[in-house]
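Examination of the molecular architecture
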Amino acid sequence: MAKPALLAPLIDLVFPPRCPLCGDALAQQGGLCAACWTKLAVPGEPACCTCQRPLADSVVHSGEVQCAPCMANPPRHAGIAAATLYNDASRELVLAFKRGKRIALADLLSRLMVRRLPDLQGEWLVVPVPLHRWRLWERGFNQSALLAERIARTVNQPLVVDALERRKRTPSLGGLGKRARADALRGAISAHPRRAERLKGARVLLVDDVMTSGATTDACLAALRKAGAAEVRIACFARVLDEALDQAGREDAPLAA
């Protein structure tokens, strides 16, 4: 069987490499042009040691520091790793991936997510946020599962694609407030009965494409904790943190699952 590297010249001839954001020519497949790379907002330092929420540059500290939301309401997760902050550029990439069905973008998005992950010592189960079966049928794929599969392969950890199931079909969460999202997701997500033993005592890396209010990940966290998971970390491509963005003109309504 021919290796992918040997087929690259043929693929480039048939499908010339283009930037998925602006369409400019690229030297090779699977990336962005230099101008579009600069449009992505990557979380920087200083940041909350728990959730990676960017902190003000004026914050002077030695060692680890938590943000005010984490101190006021300690999260049930062991940390969030976000590849980017949600802005126009990250939104366009997710739109092309999820609704434009450009599933090849899973390679780029997952690579950026892996770069933000801490060193995962020991075994971690890589688990995607689930889609309801009807949403899966409509879309044809679960974008979080595609990201989780690539991340699991890269970090050499086991993938459990059906660890969670979405038993109740929820309305589109786009445009809903945090409380409305939480209400819509109440009782919607649970651990798959056939994966209960696998989850008991496990450390889990929960994978999602966009983390908005945290309602979806909170529902997943509750299901994983109920199943006995010992520790849960969250990995997402884009995280909605309006206070961390200073650029104008971005879309106000985050994408829904």
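Residues numbered from 1 in each chain as written. Predicted model: local features only at pLDDT ≥ 70, side-chain atom pairs only at ≥ 80, totals over all residues. Heavy atoms only, no water.

Relative to the 18 Å expected for 13 residues at 1.5 Å per residue, helix 7 (residues 143-155) spans 19 Å between its end C-alpha atoms, a close match to the ideal helical length. Buried within helix 7 we find Q143, S144, A145, L146, L147, A148, R150, I151 and A152. Contacts made by the buried residues of helix 7 are with helix 4 (88-98), helix 5 (105-116), strand 2 (125-128), helix 6 (133-139) and strand 5 (203-211). Its side-chain oxygen at 3.0 Å from the backbone nitrogen of S144, N142 defines the N-terminal cap of helix 7. Just past helix 7, the residue N156 takes up positive phi, approximately 60°. (Helix = DSSP H or I, 4+ residues; strand = E, 2+ residues; numbered from the N terminus. Expected span 1.5 Å × (residues − 1). Buried < 20%, exposed > 50% of the residue type's maximum accessible area, 1.4 Å probe, protein only. Contact = heavy atoms within 4.5 Å. Polar contact = N/O pair within 3.5 Å; in protein donor to acceptor, adjacent residues only side chain to side chain.)

Bringing helix 5 into the picture now. For helix 5, spanning 12 residues, the distance from its first C-alpha to its last is 18 Å, which sits close to the expected 16 Å at 1.5 Å a residue. Taken as a whole, helix 5 has its buried residues at L105, A106, L108, L109, S110, L112 and M113. Tucked inside the fold, the buried residues of helix 5 contact helix 2 (34-37), strand 1 (80-85), helix 4, helix 7, strand 5 and strand 6 (231-239).

Moving on, we get to the packing of helix 4 against helix 5. Between helix 4 and helix 5, the least distance of the axes is 10 Å, while the angle of their chain directions is 135°. The angle between helix 4 and helix 5 falls in the class oblique. The chirality of how helix 4 crosses helix 5 is left-handed. Contacts between helix 4 and helix 5 pair L93, A96 and F97 from the former with L105, A106 and L109 from the latter. Here the contact of helix 4 with helix 5 is composed, by residue class, of six nonpolar, no polar and no charged. (Axes fitted to C-alpha atoms, helices over the stretch in contact; angles between N-to-C directions. Parallel < 35°, antiparallel > 145°, perpendicular 65-115°, else oblique. Left-handed = near helix turned anticlockwise from the far one by under 90°. Nonpolar A, V, L, I, M, F, W, Y, C, P; charged D, E, K, R; others polar.)

Let us look at the packing of helix 5 against helix 7. With their axes 9 Å apart at the nearest point, helix 5 and helix 7 run at an angle of 55° to one another. In this view, helix 5 runs oblique relative to helix 7, as classed from their interaxial angle. Crossing hand, helix 5 versus helix 7: right-handed. For the pair formed by helix 5 and helix 7, the contact residues are A106, D107, L109, S110, M113 and V114 on the first element and L146, L147, R150, I151, T154 and V155 on the second.

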